[in-house]
Amino acid sequence: MRSYNIFDLVDKNYNLEKEVEKISYYVYDDNFFCKRRFNELTGQNDFARNYKFIELCENYLFQYLPNVGTCLSLSEFLGRVNAKIIYTESGIEKESLLNFIEVIENFLFIYNKKKKILFKNYNIQYYEQSYKILGFLLSEIENKLGVSKKVLNNKIILCDNDYKLCEVVDKIDNIDVGWELIKYKRERLNSTGKRKVLKQLDIFLEPLIDEIIKTKEKSSIIYKMAKDLGYLYNNYEIRHSNLNKSSNDYKEFLTKYSEKDFVKVYDLTYNLILDFLIAKDYKSIQSEIDKLKDAHS
């Protein structure tokens, strides 16, 4: 008796390296776009030349890519952001692959916004089949890598498929907070890096925590969350210098903490932040729900 049917095997035998080869083909080798030239004799736009995806990015789209720093070319940018796929003995390095995919997604995002201008000014348009296939391949590999696309400040950011993280990022208005939340999960941070992110989040969180605590609704879950966040921020070298002996906030017990101990506390704090922001979102609509209940009770 077979263990798998043919449809199960399609997914089971998914090969990451082969899929990367397919994506690379559509980025570097496929005739992805074509440019037409107006023929004065026929009054038609005749075929002029094809463009590879990477050529269009370099020649037309790179100028629209945000936050490239002092990079003067696409090649320089790919190197600086570690988006040139690295192959190791154990396989493809995940970080370089994610960065590569994120770059391609951003160029597709830019093209979708600029395609009318490219067609109007340069008679450039995509081949529909290539466009669809590349989009499909990217979606599949992102699913296999456990990430999804988020649009933050007109940039595509790949975010871990953590349902709480995705819910908060989708609803939050503050782009910088959304990025810090994603960065905490996505980057392989040590305790110092995690502490730095938590400090940045505190600029946004502290007023919210104070607002909840001032309600003095001690029996509510969100009040307890706010108090716990305050405790963690105040006592674990996040908000205050708890390891400085000359500080009023010095905590001797932290001198016995290892790197692993700090990471554990910071991860606990991060997860509580997500729960707190979800709970606060619910609290903001709770009064409306109570009105509905009162109207029909």
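Residues numbered from 1 in each chain as written. Predicted model: local features only at pLDDT ≥ 70, side-chain atom pairs only at ≥ 80, totals over all residues. Heavy atoms only, no water.

A.B. asks: What is the right way to read a nonpolar patch on the surface from this model?
C.D. replies: A contiguous nonpolar patch, built from Tyr282, Ile285 and Ile289 and spanning about 260 Å² of accessible area, is present on the exposed surface. By the element assignment, Ile285 lies in helix 11 (residues 259-295). (Patch = residues over 30% accessible without salt bridge, like charges linked within 9 Å, V, L, I, M, F, W, Y side chains within 5 Å. Areas by Shrake-Rupley, 256 points an atom, 1.4 Å probe, with all protein chains shown as cover. Salt bridge = Lys/Arg side-chain N within 4 Å of Asp/Glu carboxyl O. Helix = DSSP H or I, 4+ residues; strand = E, 2+ residues; numbered from the N terminus.)

A.B. asks: Would you mind showing me how to read the pairing of strand 7 (residues 155-160) here?
C.D. replies: As paired elements, strand 6 (residues 147-152) and strand 7 share 6 bridges and run antiparallel to each other. For Leu152, the partnering residue across the bridge sits in strand 7 and is Lys155. Between the antiparallel neighbours strand 6 and strand 7 lie 2 residues, among them Asn153 with a positive phi of about 55°. (Pairing = 2+ DSSP bridges.)

A.B. asks: Mind showing me how you'd approach the nonpolar core here?
C.D. replies: Most often, soluble globular proteins have nonpolar side chains that are buried together. Ranked by internal contacts, the top residues of the largest apolar core, which has 42 residues, are Phe53, Phe107 and Leu134. At the level of elements, helix 2 (16-29), strand 1 (31-39), helix 3 (53-61), helix 4 (74-80), helix 5 (94-122) and helix 6 (128-145) are the ones that each hand at least two residues to this core. Broken down by element, the residue count for this core peaks at 11 residues, all from helix 5. Every residue in contact with Phe107, bar those within four places of it in the chain, is listed here: Phe53, Cys57, Leu61, Phe62, Leu65 and Leu74. (Core = buried A, V, L, I, M, F, W, Y, C linked by side-chain atoms within 4.5 Å. Buried < 20%, exposed > 50% of the residue type's maximum accessible area, 1.4 Å probe, protein only. Contact = heavy atoms within 4.5 Å.)

A.B. asks: Got a minute to help me understand the pattern of salt bridges in this structure?
C.D. replies: Between side chains of opposite charge, a pair can form when the charged atoms approach closely. Scanning the model with the defined rule gives 15 salt bridges in all. Lys171 is paired through a salt bridge with Glu167; the nearest N and O atoms lie 3.4 Å apart. Remark: Glu167 and Lys171 occur in helix 7 (residues 163-171); sequence separation between them is 4 residues, near one turn of the helix. A residue is classified by how much of its surface remains accessible, and Lys171, at 48% relative accessible area, is partly exposed. Several salt bridges converge on common partners, so that one network encompasses Asp202, Glu206 and Arg239.

Any functional reading would require information beyond the geometric quantities listed.
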